Amino acid sequence: IGDLLMTCPVVLTIKKHVTNSKITLITSKNNHNYAKSFGFIDDIVMFPQGNLLEKFKFIISLSKKKYNYILILDGKDRSIILSKFLNVDKIFHTYPQKKINFLTKIFFSKKYTTILDNQTIPLEYLYKSILDKIGVKIIKRDYKILLHQNIKKINIFKNENIKNKKYILIHLDEKWFSDFYIKKYTNISLKKNDFFLFIKKIVKKCHKNLIITTGTIDLPFITEISNEYFNINKKGYYYLKIGKYKIILLKKISIENLEIVTMNANSVITCHGPLSLISGSFNVNLIDIIEKTQEKWYYRHTSHIKKYNKLYRKNFKELSKEIILTIK
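As the structure is a computational prediction, the values presented were derived from the model and not from experiment.

(A) Summary view of the overall build of the protein chain. Along the protein chain, the regular secondary structure elements total 12 helices and 13 strands. When its C-alpha atoms are laid out on the principal axes, the protein chain stretches across 70 × 45 × 40 Å. For the protein chain, with 328 residues in total, the buried portion stands at 51%. Intrachain contacts of the protein chain at a sequence separation of at least 6 include 57% that bridge at least 24 residues. Taken as a whole, the protein chain presents about 17,200 Å² of accessible surface, with 53% of it coming from carbon and sulfur.

What follows is the structure, encoded as structure tokens:
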């Protein structure tokens, strides 16, 4: 989903500057339905997950159409191979600088223009290079892919005293736990009691409500804190009162509702992911927790975000102190 959000400004720019343009987007199974929810892409096609026969049918179907340009933004060999079989005038693609671009050399075609990627170039500049090649000059890229929606659109908040820009959001998903994410990443070692004290400190410092959202994975940590520290509301969400403020825990809400909660927050605390990009789109103060060894990779995706605060993964006792100092 994060890669799709980074690609959408390219789509919007072409739609805005190329008259009568019609765009086909090829997606993975994971982000196909999400892409369809945007409404500004003409044709959305899912790359088949099945056997060679399914992929062959997929190529035949695409080859029946005529394309002026193909823009390959993922730099993958399979995408370049696929483009060979399509009816297209020009192909522009990114490709890792550390690899020999043997595919386009084998094809030996003037159709292909390679934009080398050293894996540290911010994606906004890499994609700008491609748009420049097709004569689309960008004055200002539009990263606000989603339309703003008031938090009251979410049913559970209709009669709650939770207002736009009046709460802090913590997105507590599997990325906080190395065992459920990338095992070689620094272990944050999140403990129940430390987290409980941490969320109370945030509320007391900021004088704001706090919303905690989760990912789609059932994490034992979430089950334990919800049972031990929170009460359950008749609307089905978990809550905890700190003075006149409320901490609300929302488990596995829909992606649409997660977007709405994110775009209306005063500040967002998250391990880097799609919510980082949504926060940046709506100028929300962002605390983005990243792996230090991958800092250049993260910068590729966040260079355009204005209210950006990065913190490195470390033991939660130390990390929580840094978050408290950074949060507004």
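(B) Examining the pairing of strand β13 (residues 308-312) more closely. In this structure, strand β12 (residues 285-290) lies alongside β13, joined through 5 bridges in parallel fashion. Among the inter-strand pairings, Leu286 is bridged to a residue of β13, identified as Tyr308. Crossover connection from β12 via helix α11 (residues 295-302) to parallel β13: handedness right-handed.

(C) Seen up close, helix α12 (residues 316-326). If you check which residues of α12 are buried, you get Phe316, Leu319, Ser320, Ile323 and Ile324. Across the axial projection of α12, the buried residues extend over an arc of 140°, all falling on one side. Facing away from the buried surface of α12 by more than 90 degrees, the exposed residues are Lys321 and Leu325. Tucked into the core, α12 has its buried residues touching α7 (192-206), β11 (267-271), β12 and β13. Its side-chain oxygen at 3.0 Å from the backbone nitrogen of Lys317, Asn315 defines the N-terminal cap of α12.

(D) Highlighting the pattern of salt bridges. Tallied over the entire structure, the rule returns 14 salt bridges. One salt bridge in this structure joins Glu228 and Lys192, with 2.9 Å as the shortest N-O distance. Placement of the pair is Glu228 in helix α8 (residues 220-229) and Lys192 in helix α7, with a sequence separation of 36 residues. The partly exposed category is assigned to Glu228, whose relative accessible area is 47%.

(E) Representation of the packing of aromatic side chains. A complete count under the given rule lists 14 aromatic pairs for this structure. When the centroid spacing of 5.1 Å and the interplanar angle of 70° are considered together, the rings of Tyr34 and Phe38 count as edge-to-face. Pair check on accessibility: Tyr34 and Phe38 agree, each one buried. Seen from their ring centres, Tyr181 and Tyr185 are 5.8 Å apart, and the 80° between their planes marks the pair as edge-to-face. A relative accessible area of 10% means that Tyr185 is categorised as buried. If you follow Arg78 out to its NZ or CZ, it ends over the ring of Phe47, 4.6 Å from the centre.

(F) Here's a closer look at helix α10 (residues 274-281). Counting buried positions along α10 gives 7 out of 8 residues, so the element sits mostly inside the fold. Along α10, the residues classified as buried are Leu275, Ser276, Leu277, Ile278, Ser279, Gly280 and Ser281. The first or second residue beyond α10 is Asn283, which carries a positive phi of 55°.

(G) How the structure looks around a positive patch on the surface. Residues Lys144, Lys165, Lys307 and Lys328 make up a contiguous surface patch of positive charge. Structurally, Lys165 can be placed in the loop between α6 (123-133) and β6 (167-172).

(H) Examining the nonpolar core more closely. Counting residues in hydrophobic clusters, the biggest one holds 54 residues, and the most contacted among them are Phe38, Phe40, Ile41, Ile151, Phe157 and Ile211. When contributions to this core are tallied by element, the ones reaching two or more residues are α1 (2-17), α2 (32-36), α6, β6, β10 (245-250), α9 (255-263) and α10. Broken down by element, the residue count for this core peaks at 8 residues, all from α1. Not counting the four nearest positions on each side in its chain, Phe157 is found in contact with Ile151, Lys152, Ile162, Ile211, Ile248, Leu250 and Val261. Of all hydrophobic cores here, the second largest spans 38 residues; its members include Phe221, Tyr238, Leu240 and Ile289.

(I) Looking closely at the environment of Ser279. Note on placement: Ser279 falls in helix α10. Taking C-alpha positions, Ser279 is 7.1 Å from Val268, a pair spaced 11 residues apart along the chain. Every residue in contact with Ser279, bar those within four places of it in the chain, is listed here: Thr262, Val268, Val284 and Leu286.

(J) Representation of the environment of Lys76. Position of Lys76 relative to the elements: it lies in the loop between β3 (66-72) and α4 (77-84). Residues Lys76 and Lys201, 125 residues apart in the sequence, show an inter-C-alpha distance of 45 Å.

(K) Structural detail: the sheet that holds strand β9 (residues 238-242). With respect to topology, 8 strands assemble into an open sheet ordered β8-β9-β10-β7-β6-β11-β12-β13, the strand pairing being mixed. Among the strands making up the open sheet, the edge pair consists of β8 (231-232) and β13. Strand contacts of α8: β6, β7 (209-214), β8, β9 and β10, with the helix running at about 135° to β6, the strand carrying the most contacts. Running over the sheet, α9 touches β6, β7 and β11 and is turned about 135° from β6.

Procedures and definitions
- Residues numbered from 1 in each chain as written.
- Predicted model: local features only at pLDDT ≥ 70, side-chain atom pairs only at ≥ 80, totals over all residues.
- Heavy atoms only, no water.
- Helix = DSSP H or I, 4+ residues; strand = E, 2+ residues; numbered from the N terminus.
- Buried < 20%, exposed > 50% of the residue type's maximum accessible area, 1.4 Å probe, protein only.
- Contact = heavy atoms within 4.5 Å.
- Areas by Shrake-Rupley, 256 points an atom, 1.4 Å probe, with all protein chains shown as cover.
- Pairing = 2+ DSSP bridges.
- Right-handed = clockwise from strand over helix to strand, strands pointing away.
- Arc of directions from axis to C-beta.
- Polar contact = N/O pair within 3.5 Å; in protein donor to acceptor, adjacent residues only side chain to side chain.
- Salt bridge = Lys/Arg side-chain N within 4 Å of Asp/Glu carboxyl O.
- Phe/Tyr/Trp six-rings, centres within 6.5 Å; stacked < 30°, edge-to-face > 60°.
- Lys NZ or Arg CZ within 6 Å of the ring centre and 35° of its normal.
- Patch = residues over 30% accessible without salt bridge, like charges linked within 9 Å, V, L, I, M, F, W, Y side chains within 5 Å.
- Lys, Arg positive; Asp, Glu negative; His and termini not counted.
- Charge placed at Lys NZ, Arg CZ, Asp CG, Glu CD.
- Core = buried A, V, L, I, M, F, W, Y, C linked by side-chain atoms within 4.5 Å.
- Axes fitted to C-alpha atoms, helices over the stretch in contact; angles between N-to-C directions.

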